[in-house]
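Working through the structure, step by step
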4 protein chains.
Amino acid sequence: MSHNTFGHLFRVTTWGESHGKALGCVVDGCPPGLRLDEAWVQAFLDKRRPGTSRFVTQRREPDEVKILSGVFEDDRTDGQVTTGTPISMMIENFDQRSRDYSEIRDRYRPGHADYAYDQKYGVRDYRGGGRSSARETAARVAAGAVARRVLGDDILIRGAVVQIGPHTINRDAWSWDETGNNPFWCPDPNAAQVWEDFLDTTRKAGSSAGAVVEVHASGVPAGWGAPVYGKLDAELAGAMMSINAAKGVEIGAGFQAAAFSGEQNADEMRMGNEGVRFLSNNNGGVAGGISTGQDVVVRIAIKPTSSILSATKSVTRDGEEVDVRTIGRHDPCVGIRAVPVAEAMLACVLADAKLRHRGQIG
Amino acid sequence: MSHNTFGHLFRVTTWGESHGKALGCVVDGCPPGLRLDEAWVQAFLDKRRPGTSRFVTQRREPDEVKILSGVFEDDRTDGQVTTGTPISMMIENFDQRSRDYSEIRDRYRPGHADYAYDQKYGVRDYRGGGRSSARETAARVAAGAVARRVLGDDILIRGAVVQIGPHTINRDAWSWDETGNNPFWCPDPNAAQVWEDFLDTTRKAGSSAGAVVEVHASGVPAGWGAPVYGKLDAELAGAMMSINAAKGVEIGAGFQAAAFSGEQNADEMRMGNEGVRFLSNNNGGVAGGISTGQDVVVRIAIKPTSSILSATKSVTRDGEEVDVRTIGRHDPCVGIRAVPVAEAMLACVLADAKLRHRGQIG
Amino acid sequence: MSHNTFGHLFRVTTWGESHGKALGCVVDGCPPGLRLDEAWVQAFLDKRRPGTSRFVTQRREPDEVKILSGVFEDDRTDGQVTTGTPISMMIENFDQRSRDYSEIRDRYRPGHADYAYDQKYGVRDYRGGGRSSARETAARVAAGAVARRVLGDDILIRGAVVQIGPHTINRDAWSWDETGNNPFWCPDPNAAQVWEDFLDTTRKAGSSAGAVVEVHASGVPAGWGAPVYGKLDAELAGAMMSINAAKGVEIGAGFQAAAFSGEQNADEMRMGNEGVRFLSNNNGGVAGGISTGQDVVVRIAIKPTSSILSATKSVTRDGEEVDVRTIGRHDPCVGIRAVPVAEAMLACVLADAKLRHRGQIG
Amino acid sequence: MSHNTFGHLFRVTTWGESHGKALGCVVDGCPPGLRLDEAWVQAFLDKRRPGTSRFVTQRREPDEVKILSGVFEDDRTDGQVTTGTPISMMIENFDQRSRDYSEIRDRYRPGHADYAYDQKYGVRDYRGGGRSSARETAARVAAGAVARRVLGDDILIRGAVVQIGPHTINRDAWSWDETGNNPFWCPDPNAAQVWEDFLDTTRKAGSSAGAVVEVHASGVPAGWGAPVYGKLDAELAGAMMSINAAKGVEIGAGFQAAAFSGEQNADEMRMGNEGVRFLSNNNGGVAGGISTGQDVVVRIAIKPTSSILSATKSVTRDGEEVDVRTIGRHDPCVGIRAVPVAEAMLACVLADAKLRHRGQIG
């Protein structure tokens, strides 16, 4: 992971600011001959699009993707396929509301990247957070759509929110089908109701809430990942922690494993009809940095949106003490829209691991 | 992070198996003119050496480092300095007890990397875990000693264990001085006593325990880290998750932040005598992927050692169902020796961030 | 150099096909605060634009660049500056003549990349050469314009054609001023006249000609370049050989040095007013992979355009033996337009070397 | 290619100084299950060993390689195989003659890297050239031996010297068998006799001579290489130019192609018994950066050794004008021992290209 590029063989470079002309990505190293068109990518973008419920930002962006290179309508097939050359995708920005940015131009929003960017670069595009805005994640989702083509239909990637604020789900009530029935990607219908009330209160108070996102990949064969610094879990941890507002990452049992005994933690093995069968999955599908064939399970802690209406103590560029209130269109719980983003990162890391594995092992 | 190399400008490549002839690393990109000799590196290695208490492995290894290249005894200074060329360091293995490995040659230890390595590579050095052994971390510690020279004396890196099994410390009782007074790097003397009893019981039962390690870096200036995929916290998450048995990583408030409101989470700012002063550090010293000037704070969940005396259900290479018991010299709580390793990784990531920042910003 | 990206700290990723919707690049790692706008980049693009004389392709492309990200009109300065975030630049394609491509869809042009691409990818955008077209070099020139901002005004990068077909220049007649007075970037006015006749004949015969391009960088300080595999000359060789139709690269005396004696080849040194002064520059400004402070001098051999009117023996995708004649708009001597491209590559490699040096040495 | 590492999936990191304790390399990303032991590597090292004739350096070094990791004597096979983990190889230095180095400690040898290293690093191991010594190439040869295992027996890599000083071979007299019959790897017995006289004269005069080395790879399938910046020829150019004293690189017809017409240069194609057959190989086995299935042909210009007995004008570290004569054991024509080195680089680049191709294409 290097500045604005991640991946080794399946490489993604993203660019663009929140209120610039456009944003996008270049996906390099994608194998040739895979079906890919704008409709396929758009379907994933629509999952993270703003304005889909009152619990996400009300900014109006169609988030329409254009594929500018790397695919070709070969007349020997009946559709458009990847050619093995770099796939450039672009999303134009529309709703860059021409409001006065003077409020945040010189005032650092506490918890936000404003101060750090200024300390590093000395100059920054302050409009809507510029490069540090979560708007960048649209490009990740587009790249993730390509990654899913690399992985093929045998690998299923799904995500859910498992906690909003202090309210967790009941894991015994988990139903993947439920995640589509509420605006929170919540797998537990009862928790979804609690969250609705909680977030309505949060929103009206001009506050914001954190969340925990969980993503799963099923169908990953044993053997992917490259120890010791390219471990599959290390790659995943880096990828997930690069998501805006992420403050923690767990694989499998995660921090719970610290409290386990060796016996509790051991994922015991028996023979099943299709080879080895594990009796538990505390390892989250990764051992020694290599996939085991079990589901890959990752959880990400997302902090509350830093942009809130309440006044918080801050300073200006010139060192004056001020109070900052962020008026604007923001996600009351940015963790919700992080689900398709985390799915995309999981897809990209796995696609890269697949290609690297194939390269080394054949 | 790419197979066995990590870092961008300050690059570390490690090699070696648990029971091979030797292990080591090559540190590339280190600036010239820094004082470096074997004594400096050895002091850090001695902190993770086996056999220092009954709570760590009893394998007898002097872990004596040799610097083979990259330093020069320049007669215009009175000591040995780095030359800017690759620094090769080697540690020979001594205590490769010539016992019968047939027990684990064909039997997969549950929770261990045995099965995953076999699935990936088809062949593995099974002696003592081979490349997947935590013995590899000695090379990281050696590299970390070089990284500390790059960081200089103004940056202080320290680590502690904050949880063993289910037993956490009292954070109000935190004293860095205490970490040297017990065999657990525990900053809370009361917790250390609890752990001693707990681990004695664990050890005698042939079981093992997990732990949570916390590392801090003080004195890091604002501005290090390179968004968005080379974020300082993303690099840290990847680096820490590459440590053997790590299953979770948190920066600052970590998973707690998910339960916070926006107001609770905001690290408010005031002016202090030396510039901006933060009223809290939930961000763990990193915002938008860039250091803020506050302490960088990272926590790592370490699962219990997989090698335990109790019988666990497993299978053989040939698909036979068996019970596995690991008789040998193992850490009852591998989290303890993870402290100097996590410190080393923190030092390496920061050294790399320093050089990259200097490269881009000047 | 990795698929479609080159550089380490100053990283350039290009994308786009000859007859796709657009082409472009993302420049990552550029330092902040540098003046950059479309007019600056356009000036360099205009130097390689098609249709400027009868000796280059007659395709009509305005080659108008748009900067989509990475710059900001900061109101505390009076112009647009880089922000340290990725700079995305795009050039739309206009003159994708809607002619019948069936001729080259299934027939491999000898010497061209058609066959090799098909062997590798199984599918290719055959329109105008697709990704293998020299049209991709427009993106390099745009990136080179940014690189020149990184290098600043003290480093002067200039290029010339020193041979077309068998006709070389008289090096004693070299005048940089002359390179702007003829359509060949020729520094010797007599040679320019010879080339004009030669290329008119070549063009009318439906043939094509090779060329040798030479680029110089003045003002490069001693110390850039990172031995041993990131040697400045190794980076230059890789970058130059990646230019379409390049078949050879020389630094300084190049292949002539093979015939020299040690005495002839030695670049002797004396003290001048501003430090060390060299009595010759056979090393081409690079020793041991590190710049010496002399002019960096690189020569590139460019083969004749493969697309010619004369019939050449070839085969089809289906293995049928055929004759191929390429009717279309092509450069009779692609080496001419390679000059701004080679300048751009030199600028990019030096910008990267500057940042890397600054990172390691401070 | 990054400081002291080259390759992408098959990655080689080298370390060590001419008169340090040892030198070596770490080969990472090598596929598992390949036969590899010290005898195999040693055979290649013996080809570049010092002291094999009076035309190479008389330094006495056994150049005995030790493999420290990455291989395992699996008892299910009858030999030692790679395990997929990093292969560390070390060669200890013996003949570090304890002579007075004061002569070159402060005096810059013209044409040598002394001055450039000092300008960059401010400190250097001056003994025998330190890191800039061609002794580093022993590590490349060791890595190349591993690369040949990756390539397998179907790919044949061979090298020759085709010019020493001004004396070229007669290409019509080329016989690969002859290269083993003279101390110059010369494929033309008549040229070998001319060179013997020429180099005896050169040697006795305390001078040195340049050379041109040519390496071929046969059996490379069509499709390797990754356009546009990872082109096979770009990778080769970078790799070859990183060899000590290299000043030029050509692929196929190289600089001759600049004088060709399009018709002369076209590698026409016909159908043969085993698919496409080319009527010439001006492209040197690479088109559009991708292998064509023909022999890959690379030529490298090697300048004369900078260390000569004749006095040349130079300066000291302190800016004093002096004459420098290098007394010591040096290769009168360093190009001779460059043959096994260039072969090794060719093998490494191809091994990397093979793995990357397999990764992307499957």
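The name given to chain A in an unreviewed UniProt entry is Chorismate synthase, and the organism recorded there is Henriciella pelagia. Note on chain A: under the UniProt heading Pathway (unreviewed entry), the record states "Metabolic intermediate biosynthesis; chorismate biosynthesis; chorismate from D-erythrose 4-phosphate and phosphoenolpyruvate: step 7/7." UniProt, in its Catalytic activity (unreviewed entry) section for chain A, records the words "5-O-(1-carboxyvinyl)-3-phosphoshikimate = chorismate + phosphate".

Residues and elements named next belong to chain D. Within strand E8 (residues 156–164), 7 of the 9 residues are buried, leaving the element largely enclosed by the surrounding structure. Pairing geometry for E8 and strand E9 (residues 167–168), over 2 bridges, is antiparallel. The residue bridging Gln163 from the neighbouring strand is Thr168, located in E9. Linking two consecutive strands that pair antiparallel, namely E8 and E9, is a turn of 2 residues; a positive phi of about 55° is found at Gly165 within it.

To continue, consider the interface of chain C and chain D. Contacts between chain C and chain D engage 107 residues on the former and 107 residues on the latter. Taken as a group, Lys120(C), Tyr229(C) and Lys247(C) account for 12% of the area that chain C buries against chain D, more than any other trio of residues on that side. Here chain C is connected to chain D by 2 salt bridges. Among the ionic pairs, Arg270(D) bridges to Glu321(C), the shortest N-O distance being 3.4 Å. At the boundary of chain C and chain D, one finds 57 residue pairs in polar contact (both at pLDDT 80 or more). One ladder, built from 3 bridges, connects strand E11 (residues 246–251) of chain C with strand E11 (residues 246–251) of chain D; its direction is antiparallel. Residue Val249(C) lies in a different strand from E11(D), and its bridge partner there is Val249(D).

We now examine the relation of the copies chain C and chain D. The transform that puts chain C on chain D rotates by 180° and translates by 0.0 Å along the axis, for an RMSD of 0.0 Å. Expressed as an axis order, the relation between the two copies is that of a two-fold axis. Among all residues of chain C, the one whose C-alpha sits closest to the rotation axis is Gly238(C), at a distance of 2.2 Å. Counting the interface residues of chain C, we find that 100% of their copies in chain D are interface residues as well, pointing to one common contact surface.

Let us look at the UniProt feature "binding site: FMN" (unreviewed entry) in chain A. The feature "binding site: FMN" (unreviewed entry), as annotated in UniProt, sits at Arg131(A), Ser132(A), Ser133(A), Asn244(A), Ala245(A), Gly288(A), Lys303(A), Pro304(A), Thr305(A), Ser306(A), Ser307(A) and Arg329(A) in this numbering. Note on placement: Asn244(A) falls in the loop between helix H6 (232–241) and strand E11 (246–251). Polar contacts involving the side chain of Asn244(A) include one to the main-chain carbonyl oxygen of Ser132(A), which spans 2.9 Å. One can find Thr305(A) in the loop between strand E16 (296–302) and strand E17 (312–315). Since its relative accessible area comes to 13%, Thr305(A) is described here as buried. Ignoring sequence-local partners within four residues, the contact set of Thr305(A) consists of Ser208(A), Ala209(A), Asp331(A), Pro332(A), Cys333(A), Val334(A) and Gly262(B).

Before going further, it helps to spend a moment on the environment of Thr137(C). Residue and element names in this part refer to chain C. Topologically, Thr137 is positioned in helix H4 (residues 137–151). Measuring from C-alpha to C-alpha, the distance between Thr137 and Met345 comes to 9.7 Å, with 208 residues separating the pair along the chain. Those residues in contact with Thr137, other than ones at most four positions away along the chain, are Arg48, Asn244 and Val341. Reaching out from Thr137, the side chain makes a polar contact with the side chain of Arg48 at a distance of 3.1 Å.

Our focus in this paragraph is the packing of aromatic side chains. For the structure on display, the rule yields 38 aromatic pairs over all chains. On the numbers, 6.1 Å between centres and 65° between planes, the contact of Phe255(A) with Phe255(B) is edge-to-face. Of the two residues, Phe255(A) is situated in the loop between E11 and helix H7 (262–265) and Phe255(B) in the loop between strand E11 (246–251) and helix H7 (262–265); the pairing between them involves two chains. Ring centres of Phe184(B) and Trp195(B) lie 6.1 Å apart, and the angle between their planes is 80°; this geometry places the pair in the edge-to-face category. In this pair, Phe184(B) is assigned in the loop between strand E9 (167–168) and helix H5 (189–204) and Trp195(B) in helix H5, connecting sequence segments 11 residues apart. The ring of Trp40(D) carries the charged tip of Arg149(D) above its face, separated from the ring centre by 3.5 Å.

Moving on to the pattern of salt bridges. Two side chains bearing opposite charge may form a pair once their charged atoms approach each other closely. Going through the model one piece at a time under the given rule, you end up with 92 salt bridges over all chains. Of the charged contacts, one joins Asp114(B) and Arg109(B) as a salt bridge, the two residues approaching to 2.8 Å between their closest N and O atoms. Considered together, Asp114(B) and Arg109(B) belong to a single accessibility category, that of buried residues. Two residues, Arg356(B) and Glu235(B), come together in a salt bridge whose shortest N-O distance is 3.5 Å. Here the residue Arg356(B) occupies a position in helix H8 (residues 338–361), and Glu235(B) occupies one in helix H6 (residues 232–241), the gap between them amounting to 121 residues. For Arg356(B), a relative accessible area of 7% corresponds to the buried category. Taking relative accessible area as the criterion, Glu235(B) reaches 12% and is therefore assigned buried. One network of salt bridges, in which partners are shared, links Arg109(A), Asp114(A), Asp118(A), Arg124(A) and Arg317(A).

All names here are of chain D. Viewed as axis vectors pointing N to C, helix H1 (residues 38–48) and helix H4 (residues 137–151) meet at an angle of 135°, and their least axial separation amounts to 9 Å. When the interaxial angle is binned, H1 and H4 end up oblique. The two elements H1 and H4 meet at a crossing, and its hand is right-handed. Together, Trp40, Val41, Phe44, Leu45 and Arg48 of H1 and Thr137, Ala138, Val141, Ala142, Ala145, Arg148 and Arg149 of H4 make up the contact between the two elements. Across the contact of H1 with H4, the residue classes tally to 8 nonpolar, 1 polar and 3 charged.

This part is about the UniProt feature "binding site: NADP(+)" (unreviewed entry) in chain A. All names here are of chain A. Taken from the UniProt record, the annotation "binding site: NADP(+)" (unreviewed entry) applies to Arg48 and Arg54. Setting aside residues up to four positions removed in sequence, Arg54 forms contacts with Glu196, Asp200, Arg203 and Pro332. There is a polar contact of 3.3 Å between the side chain of Arg54 and the side chain of Glu196.

Among all residues except glycine, the phi angle is most often negative; among peptide bonds, the trans geometry is most common. In this structure, Val228(A) follows Pro227(A) across a cis peptide bond, with omega equal to 5°. Structurally, the position occupied by Val228(A) is in the loop between strand E10 (211–218) and H6. The phi dihedral of Trp185(B) falls on the positive side, at around 55°, and the residue is not glycine. Relative to the elements of secondary structure, Trp185(B) occurs in the loop between E9 and H5. The class of Trp185(B) is buried, set by a relative accessible area of 19%. Located in the positive-phi region is Asp63(C), a residue other than glycine, with phi close to 50°. Residue placement: Asp63(C) occurs in the loop between helix H1 (38–48) and strand E4 (65–67).

Residues and elements named next belong to chain D. Sheet architecture is open: 5 strands sit in the order E1-E2-E3-E7-E4, paired in antiparallel fashion. Strands with a single pairing partner mark the edges of an open sheet, and in this sheet they are strand E1 (5–6) and strand E4 (65–67). The strands touched by H1 within the sheet are E4 and strand E7 (87–92), with E4 carrying the most contacts at an inclination of about 150°. Those strands touched by H4 are strand E2 (11–16), strand E3 (22–28) and E7, and its axis lies near 30° from that of E3.

Looking now at the side chain of Thr179(A). Residue and element names in this part refer to chain A. Residue position: Thr179 is located in the loop between strand E9 (167–168) and helix H5 (189–204). What makes Thr179 buried here is its relative accessible area of 10%. Within the local environment of Thr179, its side chain forms a polar contact with the backbone oxygen of Trp176, the two atoms lying 2.6 Å apart. The residues contacting Thr179, other than those within four sequence positions of it, are Gly159, Ala160, Trp185, Cys186 and Pro187.

Moving on, we come to the interface of chain B and chain A. Contacts between the two partners involve 107 residues from chain B and, on the opposite side, 107 residues from chain A. Among the residues of chain B in contact with chain A, Lys120(B), Tyr229(B) and Lys247(B) are the three that bury the most area, contributing 12% of the side total. At the boundary of chain B with chain A, the tally comes to 2 salt bridges. Here chain B is connected to chain A by 53 residue pairs in polar contact (both at pLDDT 80 or more). Residues belonging to the side of chain B that touches chain A are distributed by class as follows: 50 nonpolar, 38 polar and 19 charged.

With respect to the helices, strands and loops of the structure, Asn283(B) is situated in the loop between strand E13 (275–278) and strand E14 (286–287). Taking the relative accessible area as the measure of exposure, Asn283(B) reaches 5% and is therefore buried. Residues in contact with Asn283(B), not counting those within four places in the same chain, are Gly111(A), Lys247(A), Lys303(A), Ile251(B), Gly252(B) and Asp267(B).

This brings us to the environment of Gly225(C). Relative to the elements of secondary structure, Gly225(C) occurs in the loop between strand E10 (211–218) and helix H6 (232–241). Distance from Gly225(C) to Gly165(C), taken between C-alpha atoms, is 33 Å for residues 60 residues apart in sequence. Sequence-distant contacts of Gly225(C), defined by excluding residues within four places in its chain, comprise Gly230(C), Leu232(C), Gly289(C), Ile290(C), Ala353(C) and Lys120(D).

Conventions adopted
- Residues numbered from 1 in each chain as written.
- Chains lettered and ligands numbered in written order.
- Predicted model: local features only at pLDDT ≥ 70, side-chain atom pairs only at ≥ 80, totals over all residues.
- Heavy atoms only, no water.
- UniProt positions renumbered as here; feature names shortened; annotations may be inferred.
- Buried < 20%, exposed > 50% of the residue type's maximum accessible area, 1.4 Å probe, protein only.
- Helix = DSSP H or I, 4+ residues; strand = E, 2+ residues; numbered from the N terminus.
- Pairing = 2+ DSSP bridges.
- Contact = heavy atoms within 4.5 Å.
- Buried area = accessible area lost by both parts, 1.4 Å probe.
- Salt bridge = Lys/Arg side-chain N within 4 Å of Asp/Glu carboxyl O.
- Polar contact = N/O pair within 3.5 Å; in protein donor to acceptor, adjacent residues only side chain to side chain.
- Least-squares fit on C-alpha atoms with pLDDT ≥ 70 in both.
- Phe/Tyr/Trp six-rings, centres within 6.5 Å; stacked < 30°, edge-to-face > 60°.
- Lys NZ or Arg CZ within 6 Å of the ring centre and 35° of its normal.
- Axes fitted to C-alpha atoms, helices over the stretch in contact; angles between N-to-C directions.
- Parallel < 35°, antiparallel > 145°, perpendicular 65-115°, else oblique.
- Left-handed = near helix turned anticlockwise from the far one by under 90°.
- Nonpolar A, V, L, I, M, F, W, Y, C, P; charged D, E, K, R; others polar.

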